[in-house]
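Analysis of the macromolecular model
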Amino acid sequence: MRSIVFRVVPRLPEKLESLRRIAGNAWWTWNRNAVSLFRSVDRELWESCGHNPILLLGKTSQARMNELAEDPVFLSRLGEVEEDLNHYMSKGGWFAREHPDLLTGSDVVAYFSAEFGIHESLPIYSGGLGVLAGDTIKSAGDLGIPFVGITLLYRLGYFSQYLNSDGWQLERYPVNDYSNMPVERVKGDDGLPMVISVPMADRIVKAAVWRLPVGRASLLLLDTNLPDNPPGDRMISDQLYGGDKEIRIRQEILLGIGGIKALRSMGLNPTVRHINEGHSAFLIIEMLTEEMARGLSFREALENVTAGNVFTTHTPVPAGNEEFEADLVLRYLRPYISRLSLKDDEFLELGRHPQGSSFSMTVFALKFSHGAGGVSALHSRVSRGIWMGVWPNLPREDIPIRHVTNGVHEDSWVSGEIRRLLDRYVGDTAPRNPLGEKFWRHIDRIPDSELWRAHERLRERLVTYARQHWTRQLSGMGITLPAFAEKPVLNPEVLTIGFARRFATYKRAALLLQDESRLIRLLTDPDRPVQIIFSGKAHPHDQGGKELIRRIFHLCMSREFYGRVIYLDDYSMSLARLMVQGVDVWLNTPVMNMEASGTSGMKACMNGVLHCSIPDGWWNEGYRRDAGWSIGRGETYQDPALRDAVEAKTLFDLIENSVVPTFYNTGADGIPRGWTAMMKKTMKGVLARFNTNRMLAEYVENFYLPALAHSRALSADGSAGSKALAAWKARVREAWRNVRIVEVTADTGVDTFTVGDVIPVTVSVDTGGLAPDDLAVEIQHGAAGGDGYISDRRTTRLSPSGHRETGTVFTGTIPCSDSGRFGFTVRVLPFHPGFGRILEPGLIRWWE
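Just so it is clear, the model here is predicted, and its values are computed rather than measured.

**Focus on the overall build of the chain**
If you tally the helices and strands in the chain, you get 29 helices and 29 strands. At 29 Å, the chain has a C-alpha radius of gyration in line with the 29 Å of a compact globule built from 848 residues. With respect to the three principal axes, the spread of C-alpha positions in the chain is 90 × 70 × 50 Å. Contacts in the chain between residues far apart in sequence, at least 24 positions, make up 73% of those at least 6 positions apart. Total accessible area on the chain stands at roughly 34100 Å², and carbon and sulfur atoms take up 49% of it. Averaging the locations of the 97 positively and 101 negatively charged side chains of the chain gives two centres separated by 2 Å.

Structure, rendered in structure tokens:
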């Protein structure tokens, strides 16, 4: 039986027409007045619609719409919100002031990410990577950067989590109804919905292009669920991180290659391309084919394309660094390999993993980006160790992976209660500049009583919600409560610890369960009790993570723990806001060096919640005495069982001896002034340093602008720079096998020196036919350990000073600036007169 489906929506009275415009721009998600306006349309309907204003407007009765159109108070509020939006959209912003005329016309920064967490009403995110991308594009709008995000419009999103009666995680995949979401089809010049064509293997895949305005930025979303595609291709954009490797490679071809095609179809020029994790790295291939179509050789095109790419790696976890087997890559990318005029092995070498034969998307992006970085200072150091094999013989500290520490979008995560205090006592942050510590020091003006009462209201709100959620959850699981479970769960006046994140085993949600008897004493203390709220999803294929959830849920249902420990299912951005605003302590317990950054703790700290964490990721930079707690000092262990036992004991000691006494040490007015002092200190530090406005400004200054300058230098005058650089590199590669350090002499005369002395060094190099100016001959000197290894290296470039029979002579000096045991070595790298020192795999010579 055939049928035709259609939809009937209320007719918005003319006075309310601006509601549609406000609902269609994700700006409303971080504007408190806009959220309050939509809630006032129908509070119950707003909740049942999942805070989706498009769905709300579609389900509100015509009678209610007509009523609101005659309500002077509602119309006044609507006018104020519309005026706020107009002002936001028309102002210049930080980027225009700092870098006027830098990106003009159709030039944009294109930010590619497999997921974007804009809001719970658009469920196309799974966790931290997506929420970070969402916060980033919001800040791009705030700062006025010409910025376009690119992702996929997943028909089934990630997944909705529920538990069976035994506490085991199961997944359901609700279908996303685009007609009730704030996205619209992009139309071409002909007025028809835009469709792009993406070659994959032996066929062409069609994709629709959707758009969501995010303040002054835009998010493009690609969708293959089109009648023109066969069923197997329609499902490419079905699930985020779902399916097998074959689905994943098709998704990543669509994201990277399709994303570039979508931008071009809209007349946009992705001058800087930010590859946010390796999923979108295939965009490099599409850019190469474009450049070669203009008449450049592969190597010339590679210089042009690499210059405009920026890459961020987000995790040291192997599963987060996508790899594909060679046969899969060759099959699906065959159309592009032909256009690039490469042999199969030459193509595979572009992304070959240093420790295997697979094609690594991370390696591919690292090798062909002008700048690459991690998401915290510690993570960049860890990443340099992981990816040393990409640059053989290069010391770890020289691996070209820098960092920009993550941040969060302040307006999306700071509660209304805390925001009102900030506005009243600190000042208006509306200019949306990357504000520094000098501005936020005025947090000290907030009276302790007002800060504490605001926080208590947030804890009460969380407990109220958690009780309702818990009741619904148990009912859905078919669980009948035992007699001991008659009292409501949680207590709004008790010290509340929150743990909510993806339930990967390395995050160690069960660290506190290492000593259950000690935990029971902590929870049931008659005078100073503690309670814990857990939430978070495990990946559908992560059986270990699912077992952790099951174990915690069984604990929640036991007599000793019931009501004092609860696990809330189906973690979302909505629940995350309640938790980071309402708990007292945010707990983070990853295995050291496994948490690249983590951002949930930043959100909590901005609300005055105190962070208690392993000093990994961002907390390695963010921890300050009396502004939270560090579980250990970053020690690593060979024995996982010993590690967990030691760190569990440390955590219990911190809670019992510092956290609990500080929280419950109140004055006659009931205010724990030691606690509120810590709240203010953590707010000052985190609001100033760990926001996405600061983060994105750093990306602009340290990555985007250098990439843009390098790209324009190479592409000017018909890509004359790229042609010259490619030819120079070809000459250097050909000669490099003959480059060697022949002799090194240090004119010391003695083996002991005094601070202030200089040591002359002479190096003879066989240049292999290259000119002296083609080489950077460098001394690396620093402290020498017992094994002779040189640490804390400093680099001094030597100058050419003539020739000998043994080769070209380079000379320089080593300054003796400190006392101790020191050493030095010598290396040679390519050096281009116009573009400086060149770091390329295989092009380095050490003094042997």
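Next, the rest of the story.
**Notes on the nonpolar core**
Counting residues in each nonpolar core, the largest one holds 149 residues, and the members touching the most others are Phe 147, Phe 282, Phe 347 and Tyr 704. The element contributing the most residues to this core is helix 29 (residues 692–736), with 10 residues. Within the second largest apolar cluster, 100 residues are counted, among which are Ile 446, Phe 499, Ala 509 and Ala 576.

**Quick look at the sheet that holds strand 18 (residues 585–588)**
Read from one edge to the other, the open sheet built from six strands follows the order 17-16-15-18-19-20, with strand pairing classed as parallel. The open sheet is flanked by strand 17 (565–568) and strand 20 (629–630), the only strands paired with a single partner. Note that strand 15 (residues 495–500) and strand 16 (residues 530–535) share six bridges and pair parallel. Bridged to Ile 497 within strand 16 is Ile 532. Of the strands in this sheet, strand 16 and strand 17 are in contact with helix 23 (residues 543–556), which crosses strand 17 at around 135 degrees.

**Some thoughts on the packing of aromatic side chains**
For the structure shown, the criterion picks out 34 aromatic pairs. Consider the rings of Trp 30 and Tyr 88, whose centres lie 6.2 Å apart with planes at 70 degrees: the pair is edge-to-face. Of the two residues, Trp 30 sits in the loop between helix 1 (18–23) and helix 2 (32–41) while Tyr 88 sits in helix 6 (residues 72–90), which places them 58 residues apart along the sequence. Accessibility expressed as a relative area gives 6% for Tyr 88, which makes it buried. Here Tyr 158 and Tyr 241 contribute two aromatic rings whose centre-to-centre distance is 6.4 Å and whose plane-to-plane angle is 85 degrees, an arrangement assigned as edge-to-face. Taken together, the positions of Tyr 158 in the loop between strand 2 (147–152) and strand 3 (160–163) and Tyr 241 in the loop between helix 9 (231–234) and helix 10 (245–265) put the pair 83 residues apart, joining distant regions of the chain. The same class applies to Tyr 158 as to Tyr 241, namely buried. An aromatic cluster of at least three residues, connected via ring pairs, comprises Phe 282, Phe 347, Phe 359, Phe 364 and Phe 368. Seen from the ring of Tyr 162, Arg 172 lies directly overhead, with NZ or CZ sitting 4.0 Å from the centre. Residue placement shows Arg 797 over the ring face of Phe 831; its charged tip is 3.8 Å from the ring centre.

**Looking at helix 6**
In a regular helix each residue adds 1.5 Å, so 19 residues correspond to 27 Å; helix 6 covers 27 Å between its end C-alpha atoms and thus fits that length. Of the positions making up helix 6, those classed as buried are Phe 74, Leu 78, Val 81, Leu 85 and Tyr 88. Each buried residue of helix 6 sits inside an arc of 85 degrees when the element is viewed along its axis, so together they form one side. Facing away from the buried side of helix 6 by over 90 degrees, the exposed positions are Pro 72, Val 73, Glu 83, His 87 and Ser 90. Here the buried face of helix 6 lies against helix 1, helix 2, helix 5 (62–69) and helix 8 (128–143). With a side-chain oxygen positioned 3.0 Å from the backbone nitrogen of Val 73, the residue opening helix 6 is Asp 71.

**Re helix 10**
Across its 21 residues, helix 10 extends 29 Å between first and last C-alpha, which sits within 8% of the 30 Å expected from 1.5 Å per residue. The buried fraction of helix 10 amounts to 17 of the 21 residues, a majority that puts the element mostly inside the structure. Capping the start of helix 10, Asp 244 holds a side-chain oxygen 3.2 Å from the backbone nitrogen of Glu 246, two or three residues further along.

**Topic: the sheet that holds strand 22 (residues 758–766)**
Sheet architecture is open: four strands sit in the order 21-22-26-25, paired in antiparallel fashion. Sheet topology places strand 21 (740–746) and strand 25 (799–804) at the edges, where each strand pairs with a single neighbour. Shown here is a sheet whose adjacent strand axes are inclined to one another by a mean of 30 degrees, direction ignored.

**A few points about the pattern of salt bridges**
The full count for this structure, using the stated rule, is 55 salt bridges. The closest approach of N and O atoms between Arg 453 and Glu 456, which form a salt bridge, is 3.0 Å. You can see Arg 453 and its partner Glu 456 sitting in helix 21 (residues 448–477), three residues apart, about one turn around the helix. Note on Glu 456: relative accessible area 22%, which makes it partly exposed. With its nearest N and O atoms 2.5 Å apart, the salt bridge here joins Glu 647 to Arg 508. Separated by 139 residues along the polypeptide, Glu 647 in helix 27 (residues 640–664) and Arg 508 in the loop between strand 15 and helix 22 (516–524) bring together distant segments of the chain. Several salt bridges share partner residues, and in doing so they unite Arg 32, Glu 410, Asp 411, Arg 419 and Asp 423 into one network.

**Topic: the side chain of Glu 300**
Relative to the helices and strands, Glu 300 resides in helix 12 (residues 298–307). For Glu 300, which is buried and forms no salt bridge, the nearest opposite charge comes from Lys 723, at a distance of 5.7 Å.

**Considering the pairing of strand 18**
What you see with strand 18 is no split at all: Val 585 and Leu 587 on one side and Trp 586 and Asn 588 on the other are buried throughout. Where strand 15 and strand 18 come together, two bridges link them in parallel fashion. Opposite Ile 497, over in strand 18, you have Val 585 as the bridge partner. Bridging between strand 18 and strand 19 (residues 610–613) involves four bridges; their strand directions are parallel. By the bridge assignment, Trp 586 is partnered in strand 19 with His 611. A crossover links strand 18 with its parallel partner strand 19, the connecting element being helix 25 (residues 600–606), and its sense is right-handed.

Conventions and cut-offs
- Residues numbered from 1 in each chain as written.
- Predicted model: local features only at pLDDT ≥ 70, side-chain atom pairs only at ≥ 80, totals over all residues.
- Heavy atoms only, no water.
- Helix = DSSP H or I, 4+ residues; strand = E, 2+ residues; numbered from the N terminus.
- Rg over C-alpha atoms; globule rule 2.2 N^0.38 Å.
- Contact = heavy atoms within 4.5 Å.
- Areas by Shrake-Rupley, 256 points an atom, 1.4 Å probe, with all protein chains shown as cover.
- Lys, Arg positive; Asp, Glu negative; His and termini not counted.
- Charge placed at Lys NZ, Arg CZ, Asp CG, Glu CD.
- Core = buried A, V, L, I, M, F, W, Y, C linked by side-chain atoms within 4.5 Å.
- Buried < 20%, exposed > 50% of the residue type's maximum accessible area, 1.4 Å probe, protein only.
- Pairing = 2+ DSSP bridges.
- Axes fitted to C-alpha atoms, helices over the stretch in contact; angles between N-to-C directions.
- Phe/Tyr/Trp six-rings, centres within 6.5 Å; stacked < 30°, edge-to-face > 60°.
- Lys NZ or Arg CZ within 6 Å of the ring centre and 35° of its normal.
- Expected span 1.5 Å × (residues − 1).
- Arc of directions from axis to C-beta.
- Polar contact = N/O pair within 3.5 Å; in protein donor to acceptor, adjacent residues only side chain to side chain.
- Salt bridge = Lys/Arg side-chain N within 4 Å of Asp/Glu carboxyl O.
- Right-handed = clockwise from strand over helix to strand, strands pointing away.

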